[in-house]
Amino acid sequence: MTMTGRHIAVIGAGAWGTALACAAARTGARVTLWMRSPVTPEVRELPRLPGIRLPDTVHVTGEFPTQADMVLLVVPVQTARQVSAALERSLPPGIPVITCCKGLEKGTSLLPLDVLAETMPGRPTAVLSGPNFAIEVAQGLPAAATLASADLSLAQHLASQLNSSSFRLYASQDTAAVQLAGAAKNVVALGAGIVIGAGLGENGRAALITRAVAEIARLAEALGGRASTLAGLSGVGDLILTCTGRGSRNYSLGVELGEGRSLADILASRTTVAEGVLTAPALVALAHRLNVQVPIIETVTHLLSEKLTIDEARSLLLDRPPTVE
């Protein structure tokens, strides 16, 4: 593809950051990929996404960008505050930053854009979220996502700049629902995995996912978002992928929990991050603050902290009084 004059900076060289760097390169842009411990320029394969060769137009560096047309912040939500604050010191005003992390900050229950509002005040921001496994995006397989900003014209502009024949972006103004769905789906995926791992059946998983959508919708509306957004890529789309695919870190962790392994043992054996583990208690705290009932999300959180057994959780959810859908 012919190179354009555009420069896209990607902060974070984990699996998703590497994949987005590949996707950005396919638009014809020059791409800078920041990582904490940069490899030498001639290395074209990074450890978090083995088997994927970085395009020649991607430059790996350990220096934050001092200029770019847009910046994709692709770090775990629990480190977003530290990294974005450091990035703000090197980035000139006016350059938009798109957060690509999913979850809530532990301790504050803040969504990613709320964190950026504190660390990068006054800067144009957006969020990218959708049903995307990193390896498939890196390979150029068909994928789609939502790009949301409070400024719809900014969302439309950024989406058009990142759009390609293999990665389709849809603009939205509903940042609350898009972010909340991206955070909650990881917690629901843990629950879906527990259901399958414990042998409770496909019907049980489908019921859990569907009723969790209602919980996420109530939370989204309490935050000023729209329940209808959850019918899109960042809502149901992401839930379908994350709650059914073995490539989902959260779902596979849930399966292991359902099979009887302890959370400590599972986490000790992994090098990747399952955001749902830290997001779950933060999500429950947010729901309590908003006075929103989230029985499924709360039950999954209690399972993670071993306050409930799987049999107790099953009874707790199924023995509640019948209600109207």
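Criteria and cut-off values
- Residues numbered from 1 in each chain as written.
- Predicted model: local features only at pLDDT ≥ 70, side-chain atom pairs only at ≥ 80, totals over all residues.
- Heavy atoms only, no water.
- Helix = DSSP H or I, 4+ residues; strand = E, 2+ residues; numbered from the N terminus.
- Buried < 20%, exposed > 50% of the residue type's maximum accessible area, 1.4 Å probe, protein only.
- Polar contact = N/O pair within 3.5 Å; in protein donor to acceptor, adjacent residues only side chain to side chain.
- Contact = heavy atoms within 4.5 Å.
- Core = buried A, V, L, I, M, F, W, Y, C linked by side-chain atoms within 4.5 Å.
- Pairing = 2+ DSSP bridges.
- Axes fitted to C-alpha atoms, helices over the stretch in contact; angles between N-to-C directions.
- Expected span 1.5 Å × (residues − 1).

Colleague: Go over the side chain of T119 with me, naming the residues and quoting the values.
Modeller: On the secondary structure map, T119 appears in helix α3 (residues 112–119). Under the relative-accessibility criterion, T119 is labelled buried at 13%. Only 2.8 Å separates the side chain of T119 from the side chain of S84, close enough to count as a polar contact. Ignoring anything within four residues of it in the chain, the contact list for T119 reads R81, S84, A85 and E88.

Colleague: Before we move on, could you go through the nonpolar core and cite the residues and values that matter?
Modeller: If you look at the biggest cluster of nonpolar residues, it comprises 47 residues, and the most contacted ones within it are I216, L219, L253 and L283. Every element with two or more residues in this core is listed here: α6 (175–197), α7 (202–222), α9 (249–258), α10 (263–268), α11 (276–290) and α12 (295–304). No other element matches α6, which puts 12 residues into this core. When neighbours within four sequence positions are excluded, L283 is seen to be in contact with L104, L180, A184, V187, L219 and I297. Core analysis: the second largest hydrophobic core is formed by 41 residues, M35, L54, V60 and A138 among them.

Colleague: Residue-level account of the environment of L141, with values.
Modeller: Relative to the elements of secondary structure, L141 occurs in the loop between α4 (134–139) and β7 (143–148). Remark: the alpha-carbon pair of L141 and F167, spanning 26 residues in sequence, is separated by 8.0 Å. Setting aside residues no more than four positions away along its own chain, L141 makes contact with E136 and S166.

Colleague: Residue-level account of the sheet that holds strand β6 (residues 125–129), with values.
Modeller: Spatially, β3-β2-β1-β4-β5-β6-β7-β8 is the arrangement adopted by the 8 strands of the open sheet, whose pairing is mixed. Each edge of the open sheet carries a strand with a single partner, namely β3 (58–61) and β8 (167–172). With strand direction ignored, the average angle separating the axes of adjacent strands in the sheet is 25°. In this sheet, strand β5 (residues 97–99) lies alongside strand β4 (residues 70–73) in parallel orientation, the contact comprising 3 bridges. Pairing of L72 across the sheet is with I98, part of β5. Its contacts with the sheet place helix α8 (residues 233–242) against β6, β7 and β8, and it is angled at close to 145° to β7.

Colleague: Please set out α11 residue by residue, giving values where relevant.
Modeller: The end-to-end C-alpha distance of α11, which contains 15 residues, comes to 20 Å, matching closely the 21 Å that a straight helix rising 1.5 Å per residue would cover. Of the residues making up α11, those classed as buried are G276, V277, T279, A280, A282, L283, V284, L286 and A287. Summarising the contacts, the buried residues of α11 are in contact with α6, α7, α9, α10 and α12. At the C-terminal side of α11, N291 shows a positive phi close to 60°.

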